[in-house]
Amino acid sequence: MSNVLYYAPGAASFLVHWLLLETGLPHELRLVDTAAREQKSPEYLALNPNGVVPTLVLDGKPQYEAAALSMLLAERHPQAGLAPAADDPRRADYLQWMFNLANMVQPLFRQWWYPHEPAGEAQAEAVRRHCAARIEAQWDRIDAHLAAHGPYLLGEAVSVPDFYLVMLMRWSRNMPRPATEWPQLAQLAQRLKARPSFAQLYAREGLTEWA
């Protein structure tokens, strides 16, 4: 098979794996043992020089960046209805949400998990405190948007940024205030977790938390 997803359970590859199931693209999975730092091996770095998951080999060519891959899958499989077309009035909002989640929200989780990276070990707790407040501010903003314009980020129809958002919400599950404490976010998560693809995704990745 020419389509291969290199993944780690629950990592950023979660989004791409979910979209592969939603679009029905045939693929195989290859587990990357991040605890053993396989993502930093010469073999893996030859596929993805950033040394992170996911990498998706499409038609024999390795590609990376979870947000970009999820957008590509939706555009290659328009029958799934997960991305507005270029001339759709919702297209600008679609792109805006994808880049907002990728640039504003996801990086905060990196800082939360690895607070020594931006500020050193001595400042790790301070970094976490600031990150928690900033993540909660993002939930405030997104929850208000869903209340005014939902039930999904683009209105009445589900799209790729909703899947992306739910993955990020899952990452907050062990934080002082998980995203599900915001009512609109909690409802969005319930809607997407009810999709058959979510149960399939969990079974394939061996996940149990936040089911």
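Right, let's walk through the structure included here. (Residues numbered from 1 in each chain as written. Predicted model: local features only at pLDDT ≥ 70, side-chain atom pairs only at ≥ 80, totals over all residues. Heavy atoms only, no water.)

### Observations concerning the overall build of the protein chain
Scanning the protein chain for helices and strands turns up nine helices and four strands. The secondary structure elements of the protein chain, listed N-terminal to C-terminal, are β-α-β-α-β-β-α-α-α-α-α-α-α. The C-alpha atoms of the protein chain give a radius of gyration of 17 Å, which matches the 17 Å a tight globule of 211 residues would have. For the protein chain, the C-alpha atoms occupy an extent of roughly 50 × 45 × 30 Å along the three principal directions. Every one of the 211 residues in the protein chain was classed for burial, and the buried ones make up 47%. Within the protein chain, counting contacts between residues at least 6 apart in sequence, those at least 24 apart form 63% of the total. With the model as given, the accessible surface of the protein chain reaches about 10100 Å², and the carbon-plus-sulfur share is 52%. Placing the 19 positive and 22 negative side-chain charges of the protein chain at their respective mean positions leaves the two points 1 Å apart. (Helix = DSSP H or I, 4+ residues; strand = E, 2+ residues; numbered from the N terminus. Rg over C-alpha atoms; globule rule 2.2 N^0.38 Å. Buried < 20%, exposed > 50% of the residue type's maximum accessible area, 1.4 Å probe, protein only. Contact = heavy atoms within 4.5 Å. Areas by Shrake-Rupley, 256 points an atom, 1.4 Å probe, with all protein chains shown as cover. Lys, Arg positive; Asp, Glu negative; His and termini not counted. Charge placed at Lys NZ, Arg CZ, Asp CG, Glu CD.)

### Regarding the packing of helix 6 (residues 124-149) against helix 8 (residues 183-193)
Interaxial distance between helix 6 and helix 8 falls to 7 Å at its minimum, and their mutual angle equals 75°. Here helix 6 lies roughly perpendicular to helix 8, going by the angle between them. Here W139, I142, D143, L146 and A147 of helix 6 lie close against helix 8, whose contacting residues are P183, Q184, L185 and L188. For the contact of helix 6 with helix 8, a count of residues per class yields seven nonpolar, one polar and one charged. (Axes fitted to C-alpha atoms, helices over the stretch in contact; angles between N-to-C directions. Parallel < 35°, antiparallel > 145°, perpendicular 65-115°, else oblique. Nonpolar A, V, L, I, M, F, W, Y, C, P; charged D, E, K, R; others polar.)

### Re the sheet that holds strand 1 (residues 4-7)
Strand order in the open sheet formed by four strands is 2-1-3-4, with mixed pairing between adjacent strands. Strands at the two margins of the open sheet, each flanked by one partner only, are strand 2 (28-31) and strand 4 (61-64). The sheet shows a mean angle of 25° between the axes of neighbouring strands, taken without regard to direction. Relative to strand 2, strand 1 is paired through four bridges, and the arrangement is parallel. Considered in strand 2, the bridge of Y7 is made with L31. (Pairing = 2+ DSSP bridges.)

### What about helix 8?
Residues lying three or four places apart along an α-helix face the same way, a consequence of the helix completing one turn every 3.6 residues. Within helix 8, the full set of buried residues consists of L185, L188, A189, L192 and K193. Across the axial projection of helix 8, the buried residues extend over an arc of 125°, all falling on one side. Lining the buried residues of helix 8 we find helix 1 (13-23), helix 6, helix 7 (160-171) and helix 9 (196-205). (Arc of directions from axis to C-beta.)

So yeah, pure geometry; function would need other evidence.
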